[in-house]
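Fold and geometry: a report
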Amino acid sequence: MRLTSLLPDGEPNCMVLKLRQMLVLLDCGLGQEQLYAMPVREGGLIEEQKETILSATASSATDLDTNPLKRKHAPTETTDIRQDWASFLKATAAQFPQKKKYRGLNTNGLVKDSTYMSSVEAIESNTKSSPTQRHQATHEYLFKLPDFSGVDLKSIDVVLISNYNHILALPYLTEFTGFQGRIFATEPTIEFGRQLMTEFVSFFGSSVSSNPHEVIDRKKLVAQSGSGLYPAYTLTDIKACIDKIQPVRFREHITLYGSLKLTAHSAGYCLGSSNWLIQIGTENIAYMSSSSTQVNLHPDLLDGTLLEHASTVIAADLSPKGSITYDLGVNEVCANIARTIARKGHVLIPCAISGFLFDLLEDVHLHLNRMGLIHQVQYSFISPVADTALQYSNILAEWMAPRKQEMVYLPEAPLLHAILLDKAQAKNYKSVHGAFSSDLKYPCIVFGGHPSLRSGPMVNLLHMWGKKANNSIVFIEPRIDAHASLEPYEGLEISRSICPLDTRLSVDQLVDIMKKHKHPKHVLVPVHVTTSIQSDRTAELTDAKGTRSTSSMRWSAYKVGEAIQLDMGSLYEAVLLSEEVRQIRLG
């Protein structure tokens, strides 16, 4: 058995597992660390054009009290919270007046409104005379794929997806390479994965050319890329990719190629998150990815029975050392939000509309109710897929924890956001344009956008609300570097809070699980959870119990780009010989 990690620690999972003559790809995440070096976009415009808009409008503004671009401080009690938004839209329109309204498709198949089209066309017309401006206008976000250079992609037999956080690179594999294998994932993973891909394209899938009539062969572009960075795929690629995934249920047994057996078990991390038991011959391998033992969340609980017969455990996506517990993090988030609402400020929470957001919303709502602030706040979910994500999550009771499943039969909505949406205390929006501004009546808690703050609605809202100290932004995503996210934004007075909410297994919890169930022979963990790696690749773990490798259980560490080799359990196996093969052998 040979395991190779294709993405660095801290990035989503992507590993290749070689079992005899079979190749199994464990997850297919997309590296996004390079996003932090990218310029900030605002409403589809790159930073250079945004600066042109703001500087031109600020110089011509006559009313400083209603212009958020120049006003430093203003009394919250006397300011209409819709004034900032109206001024911001007016400032944007001043540089690029709207043309005839129409709707069309950009080169990625995304629908664009007339304001965006007129702005882009104005930029494109300006780039014809200046090579520098032309380079700026043709800028596109590029992403780091897993390092497939040492893998024969045509030879991959199976792809196993553990949850929707590790699926973003899958369209590159299925649509831009010669991959011909099978793909398996649970139903929620497929649907939420589709939503995250769609949101990803909406935020980062702009045209690679300033000329809308220029035809770009994106497959050729990906194949010939020498930098290792690739442009975003398209909505068409997403549909084709999703159609290739076969849905599975928990504990459903799948047999492939006669000897390979697969079983999905609940991971307890998010809706539909699964750990996989891989059986080939006499060897049983458990793949534990993004697992959680948190019992007060909505996903189904961790199923540890997959370890009962596993001789080898691959533990991926563990929480880093020093992470605070989820409960302590939630308490801090709730306290920061309550303080902001009490001073009539808005709260920005950049995150995906999925996962523990549904549990966080319940905790925040309960805390504000106790503080007497519940009638002075409204919730907004802003994402191109917000409506779909919120509706879909509420009909997945069979994938939820038992206490949530019971609520379906009362009948009662298992997740709070459905109740808040019915009461109009919460609303979802595709973007910050349109109804969002007119609906603002109270201090607002906004969920959505990309946590990197390089694209999406949070970029607009930061420029609009970031100059006021009574507003706040709260970072809750554990994989995001909050300081790097805010680095391009200068002069912001908005209150900042970094409270990563991490429900993934720690090393201590992993050791406890191993002791509770049958001890496997080998446990493979990421290198970042170890103190030292010896020459034999045995890891000395830093868990509270001082765990060390023993003769009965060996702990080993893996890191990106280096293959780790483990012996299989048996040299010989019983096989079934067909009559045709027997006759050939006898002849």
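The notes below deal with the structure included here.

Let's shift gears to the overall build of the chain. Summing up its helical and strand segments, the chain has 18 helices and 26 strands in all. Within the chain, the proportion of its 587 residues that are buried is 54%. Residue pairs at least 24 apart in sequence account for 73% of intrachain contacts in the chain once pairs closer than 6 positions are excluded. Accessible surface computed for the chain: about 25,700 Å², of which carbon and sulfur atoms make up 52%.

Below, the discussion takes up the side chain of Ser 485. Along the chain, the position of Ser 485 falls in helix H16 (residues 482–486). Using a relative accessible area of 0% as the deciding quantity, one classes Ser 485 as buried. Those residues within four positions of Ser 485 in sequence are excluded, and the remaining contacts are Tyr 36, Pro 451, Ser 452, Leu 453, Arg 454, Phe 475 and Ile 480.

What follows is about the sheet that holds strand E1 (residues 2–5). Read from one edge of the open sheet, seven strands run E10-E8-E7-E3-E2-E1-E26, paired in mixed fashion. Across the chains shown, the open sheet's two edge strands, defined by having one partner strand only, are strand E10 (245–248) and strand E26 (563–565). Taken over all neighbouring pairs, the strand axes of this sheet differ in orientation by 20 degrees on average, direction set aside. Across four bridges, the pairing between strand E8 (residues 182–186) and E10 is parallel. Considered in E10, the bridge of Thr 186 is made with Val 248.

Val 507, Leu 510, Val 511, Ile 513 and Met 514 are the residues of helix H17 (residues 507–516) that are buried. Relative to the axis of H17, the buried residues are bounded by an arc of 160 degrees and lie together on one face.

Under the 1.5 Å per step criterion, the end-to-end length of helix H9 (residues 326–342) is 24 Å for 17 residues, consistent within 8% with the ideal 24 Å. All of the buried residues along H9 are Tyr 326, Gly 329, Val 330, Val 333, Cys 334, Asn 336, Ile 337, Ala 338, Thr 340 and Ile 341. Looking at the buried side of H9, the elements it contacts are strand E16 (347–350), helix H10 (357–370), strand E19 (444–448), strand E20 (472–475) and strand E21 (495–498). Lys 344 lies just past H9 and shows a positive phi near 65 degrees.

Moving on, we get to the pattern of salt bridges. The final tally for this structure, using the stated rule, is 11 salt bridges. Asp 243 serves as the salt-bridge partner of Lys 239, at 3.2 Å between the closest nitrogen and oxygen. Across this residue pair, the class does not change: Lys 239 and Asp 243 are exposed. A salt bridge links Glu 398 to Arg 249; its shortest N-O distance comes to 2.2 Å. With a gap of 149 residues between them, Glu 398 in the loop between helix H11 (386–393) and helix H12 (402–408) and Arg 249 in the loop between E10 and strand E11 (253–256) connect regions that are remote in the sequence. Shared partners join several salt bridges into a network, and the residues in it are Asp 317, Arg 479, Asp 502 and Arg 504.

Next up on the list: the environment of Gly 322. By the element assignment, Gly 322 lies in the loop between strand E15 (312–316) and H9. By relative accessible area, Gly 322 is classed as exposed at 77%.

The strands making up a sheet associate through backbone hydrogen bonding, with each pair oriented either parallel or antiparallel. One open sheet holds the seven strands; their spatial order is E11-E12-E13-E14-E15-E22-E25, and the pairing between them is mixed. This sheet does not close on itself; its edge strands, each paired only once, are E11 and strand E25 (554–558). Sheet twist, expressed as the average angle between the axes of neighbouring strands with direction ignored, equals 20 degrees. With five bridges connecting them, strand E14 (residues 283–289) and E15 associate as parallel partners. Note on E15: the bridge partner recorded for Ile 285 is Thr 312. Here H17 sits on the sheet in contact with E14, E15, strand E22 (522–526) and E25, set at roughly 140 degrees to E25.

With that settled, the discussion passes to the packing of H9 against H10. Where H9 contacts H10, the axes come no closer than 10 Å and their chain directions differ by 50 degrees. With respect to their mutual orientation, H9 and H10 come out oblique. Once H9 is placed against H10, the crossing between them reads as right-handed. Contacts from Tyr 326, Val 330, Val 333, Cys 334, Ala 335, Ile 337 and Ala 338 in H9 reach Asp 359, Leu 360, Asp 363, Val 364, His 367 and Leu 368 in H10. In terms of residue class, the contact of H9 with H10 is made up of 10 nonpolar, one polar and two charged.

A complete count under the given rule lists 14 aromatic pairs for this structure. Each ring, one from Phe 192 and one from Tyr 392, has its centre 5.7 Å from the other, and the planes form 80 degrees; the classification is edge-to-face. Of the two residues, Phe 192 is situated in helix H6 (residues 187–204) and Tyr 392 in helix H11; the sequence distance between them amounts to 200 residues. We note that Phe 192, like Tyr 392, is buried. On the basis of an interplanar angle of 85 degrees and a centroid distance of 6.2 Å, the ring pair of Phe 203 and Phe 204 is categorised as edge-to-face. With a relative accessible area of 0%, Phe 204 lands in the buried category.

Time to look at the packing of H6 against helix H8 (residues 235–242). Orientation of H6 relative to H8, taken along the N-to-C sense of each, is 165 degrees, at an axis distance of 10 Å. With respect to H8, the axis of H6 lies roughly antiparallel. Considering only the axes of H6 and H8, their crossing is right-handed. Contacts from Ile 190, Arg 194, Met 197, Thr 198 and Val 201 in H6 reach Leu 235, Ile 238, Cys 241 and Ile 242 in H8.

Moving on, we come to the nonpolar core. The biggest cluster of nonpolar side chains holds 90 residues, and the ones touching the most others in it are Tyr 379, Ile 445 and Phe 447. It is H6 that provides the largest number of residues to this core, a total of eight residues. Excluding residues within four positions of it along the chain, Phe 447 makes contact with Ile 349, Cys 351, Ile 353, Leu 357, Leu 360, Leu 361, Tyr 379, Ser 380, Phe 381, Ile 382 and Met 458. Leu 3, Leu 19, Ile 285 and Ile 314 belong to the second-largest nonpolar core, a separate cluster that totals 28 residues.

Alternating positions in E16 separate into two faces, Val 347 and Ile 349 on one and Leu 348 and Pro 350 on the other, with burial throughout. Of the strand pairs in this sheet, E16 and E19 are connected by four bridges, and their pairing is parallel. Counterpart to Val 347 in the pairing with E19 is Ile 445. Relative to E20, E16 is paired through two bridges, and the arrangement is parallel. Directly across from Leu 348, in E20, lies its bridge partner Ile 473.

Parameters at a glance
Residues numbered from 1 in each chain as written. Predicted model: local features only at pLDDT ≥ 70, side-chain atom pairs only at ≥ 80, totals over all residues. Heavy atoms only, no water. Helix = DSSP H or I, 4+ residues; strand = E, 2+ residues; numbered from the N terminus. Buried < 20%, exposed > 50% of the residue type's maximum accessible area, 1.4 Å probe, protein only. Contact = heavy atoms within 4.5 Å. Areas by Shrake-Rupley, 256 points an atom, 1.4 Å probe, with all protein chains shown as cover. Pairing = 2+ DSSP bridges. Axes fitted to C-alpha atoms, helices over the stretch in contact; angles between N-to-C directions. Arc of directions from axis to C-beta. Expected span 1.5 Å × (residues − 1). Salt bridge = Lys/Arg side-chain N within 4 Å of Asp/Glu carboxyl O. Parallel < 35°, antiparallel > 145°, perpendicular 65-115°, else oblique. Left-handed = near helix turned anticlockwise from the far one by under 90°. Nonpolar A, V, L, I, M, F, W, Y, C, P; charged D, E, K, R; others polar. Phe/Tyr/Trp six-rings, centres within 6.5 Å; stacked < 30°, edge-to-face > 60°. Core = buried A, V, L, I, M, F, W, Y, C linked by side-chain atoms within 4.5 Å.

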